[in-house]
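Read off the chains here:
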Amino acid sequence: MNHADVIVSDRPIAKRRKVTVSNNLIACSKGRMPTCNCKEYVLHIPPRLTKSAYPALIKYNIVPRQWHLEGRFGSRTHNVDKSTNGIPILYDQRTLEEISQQSPELKQLLDTEGLIIVEKDFVQNHRTQQSVPEIDARIHPEQEPDDYVSPHISPRCLDTTTNQHDAATFTYAEMFGGIGGFGVALQKLGGTCIFYSEIDEVCRETYTKNFDTPTSCIHGDIYKVSDEEIPNNLDILVAGFPCQPFSTLGDQPGFDCEKGRGHLYLQIVRVLKISQPKCFLFENVPGLLRMKDTLDIIVTAFKDTGYYVTAEVC
Ligand SMILES: C[S@@+](CC[C@H](N)C(=O)[O-])C[C@H]1O[C@@H](n2cnc3c(N)ncnc32)[C@H](O)[C@@H]1O
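Residues numbered from 1 in each chain as written. Predicted model: local features only at pLDDT ≥ 70, side-chain atom pairs only at ≥ 80, totals over all residues.

1. Observations concerning the site of the ligand
As a structural note, the neighbourhood of the ligand is formed by 20 residues, with Phe176, Gly178, Gly181, Ile199 and Gly240 the closest of them. Split by residue class, the shell around the ligand holds eleven nonpolar, six polar and three charged. (Near = placed C-beta within 6 Å. Nonpolar A, V, L, I, M, F, W, Y, C, P; charged D, E, K, R; others polar.)

Structure representation (structure tokens):
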């Protein structure tokens, strides 16, 4: 799992069940990438040279590289016109020429015909403004409601290095289960999977080779799972619901996702209502936190099923 958002929830206070995992919360403080708010320099370069220029530009740290929340770097190379690409760079012409004294490859690049450096106003866009999560793995007891009672099944209390099957047993359901990433940890903690759903056949096959979940508990497309097939004796519900509509690597269509993936959280709501787990843990991409209205709608839908819910990057 390379996703970074978690949504952690507990049994609603109103129902007075003695369960919480809220002290498992991992929060983050957010920092901002330093961004230039005045001018920036752009290298105008013929498209055919753009790719080959990059190694030298990167080697001498000439291109700013934006930190994407997914943990990768990217440039803001863009089309100026049909015969020119623009690569934002950190230096003006004179500084660049000084740097190129140390580097024949850079000098050769700068001497290329058709290559010029232009100065322009720095334009903020959603990529240059991205905030960088600085991971702060503190426990946040202050977020727990006052009358919360300690859990009787807190995975946190368990030693995760050994199989604690005898120490604690609980049931869990894994929605959008993929190859069972959540299950790896939960089984080690003594969990028994009583419901797994995954639409992709190859994932399901991989899962069945690695987990001994009874066939009767393994399901495909969640839309085809009837209410009656959803267990009602559940301790924990986990789900890494599809992230494509929310990822900053796409256009973030959210609920407008043409493939309908933006609405899959409603299936989680359905399962929550039926199975009433003692707690749940959902996972998605950090991009979802940037779509505030969308996230509010999703979190509210979870809350409306009667749970205490928080959403954080960890
Ligand atoms: C982000 S991945 C989850 C990965 C998983 N946590 C793992 O450890 O492999 C989301 C999964 O949801 C599955 N999925 C998408 N639509 C689904 C549906 N309608 N019913 C069941 N699974 C679905 C995808 O095939 C994908 O494997």
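The rest of the description comes next.
2. A short note on the environment of Tyr41
Structurally, Tyr41 can be placed in strand S3 (residues 39-45). On the basis of neighbour counts, which here come to 20 C-beta atoms within 10 Å, the residue Tyr41 falls in the buried class. Along the sequence, Tyr41 and Leu90 sit 49 residues apart, while their C-alpha atoms lie 6.4 Å from each other. Ignoring anything within four residues of it in the chain, the contact list for Tyr41 reads Ile89, Tyr91, Asp92, Ile117 and Glu119. (Helix = DSSP H or I, 4+ residues; strand = E, 2+ residues; numbered from the N terminus. Buried ≥ 20, exposed ≤ 12 C-beta atoms within 10 Å, placed from the backbone. Contact = placed C-beta atoms within 7 Å.)

3. Looking at the packing of helix H6 (residues 265-275) against helix H8 (residues 292-303)
Geometrically, a packed helix pair is captured by the angle between its two axes and the distance between the axes. Interhelical geometry of H6 versus H8 gives an angle of 10° and a closest axis separation of 9 Å. What the angle tells us is that H6 and H8 run roughly parallel. Here Tyr265, Val269 and Leu272 of H6 come into contact with H8, specifically with Ile298, Ala301 and Phe302. Here the residues of the contact of H6 with H8 sort into six nonpolar, no polar and no charged. (Axes fitted to C-alpha atoms, helices over the stretch in contact; angles between N-to-C directions. Parallel < 35°, antiparallel > 145°, perpendicular 65-115°, else oblique.)

4. Quick look at the environment of Arg261
Tracing the chain through its elements places Arg261 in the loop between strand S13 (236-239) and H6. Between the C-alpha atoms of Arg261 and Gln244, which are 17 residues apart in sequence, the distance is 7.6 Å. When sequence neighbours within four positions are dropped, the list of residues in contact with Arg261 reads Pro242, Gln244 and Pro245.

5. Topic: the confidence of the model for the protein chain
The predicted coordinates of low-pLDDT regions are not to be read in fine detail. Summarising the model, the protein chain shows a mean pLDDT of 76, and 68% of its residues fall at 70 or more. Every residue in residues 67-73 scores below 50 in pLDDT, and together they form 18 contacts with partners more than four places removed in sequence or on other chains. The model gives residues 126-140 a pLDDT under 50, and that stretch makes 37 contacts with residues more than four places away or in other chains. (pLDDT = per-residue confidence, 0-100.)

6. Digging into the pairing of strand S10 (residues 170-175)
Within S10, five of the six residues are buried, leaving the element largely enclosed by the surrounding structure. The pairing of S10 with strand S11 (residues 191-197) spans five bridges and is parallel. Within S11, the residue paired with Tyr172 across the bridge is Cys193. Handedness of the crossover is the feature at issue here: the chain leaves S10, passes through helix H4 (residues 181-188), returns alongside S11, and the resulting connection is right-handed. Inspection of the sheet shows S10 paired to S13 by four bridges, in the parallel sense. Bridging across to S13, Tyr172 finds its partner in Ile236. (Pairing = 2+ DSSP bridges. Right-handed = clockwise from strand over helix to strand, strands pointing away.)

7. Re H6
Along H6, the residues classified as buried are Tyr265, Ile268, Val271, Leu272 and Ser275. End-on, the buried residues of H6 take up no more than an arc of 110°, which puts them together on one face. Contacts made by the buried residues of H6 are with S10, S13, strand S14 (279-284) and H8. Where H6 ends, the next residue or the one after it, Gln276, has phi of about 45°, a positive value. (Arc of directions from axis to C-beta.)

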